[in-house]
Amino acid sequence: MPEYEFVDVYVPRGVSRKEATRLLTDHAEYGHWELDRLSLRRDGSRRVRLRRRIIRQLRATW
């Protein structure tokens, strides 16, 4: 079963949709993150949870 690590990103109310998209795109391209969950709050802010897969290398045995 794959293991993931998560990071929460808070996007304040005054940030436009275009700027938020650019921020999340940068996380996805350079940090290899993918969108796990997005919640829009009553005050207009967004809470975004990103995830990326943890790749564990197995020790080689000779």
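Cut-offs and rules
- Residues numbered from 1 in each chain as written.
- Predicted model: local features only at pLDDT ≥ 70, side-chain atom pairs only at ≥ 80, totals over all residues.
- Heavy atoms only, no water.
- Pairing = 2+ DSSP bridges.
- Helix = DSSP H or I, 4+ residues; strand = E, 2+ residues; numbered from the N terminus.
- Salt bridge = Lys/Arg side-chain N within 4 Å of Asp/Glu carboxyl O.
- Buried < 20%, exposed > 50% of the residue type's maximum accessible area, 1.4 Å probe, protein only.

## With respect to the pairing of strand β2 (residues 34–40)
Looking along a regular strand, one sees side chains alternate from face to face of the sheet. With six bridges joining them, β2 and strand β3 (residues 46–54) adopt antiparallel strand pairing. Paired with serine 39 across the two strands is arginine 47, which belongs to β3. Connecting the antiparallel pair β2 and β3 is a turn made up of five residues, with glycine 44 showing a positive phi of about 95°.

## Brief notes about the pattern of salt bridges
Side chains bearing opposite charge may pair, as long as their charged atoms lie close to each other. Scanning all chains against the criterion turns up six salt bridges. Between arginine 52 and glutamate 5 there is a salt bridge, with the nearest N and O atoms lying 2.9 Å from each other. Of this pair, arginine 52 sits in strand β3 while glutamate 5 sits in strand β1 (residues 3–11), and the two are 47 residues apart along the sequence. Arginine 52 sits in the partly exposed class, given a relative accessible area of 27%. For arginine 51, the salt bridge identified is with aspartate 36, shortest N-O distance 4.0 Å.

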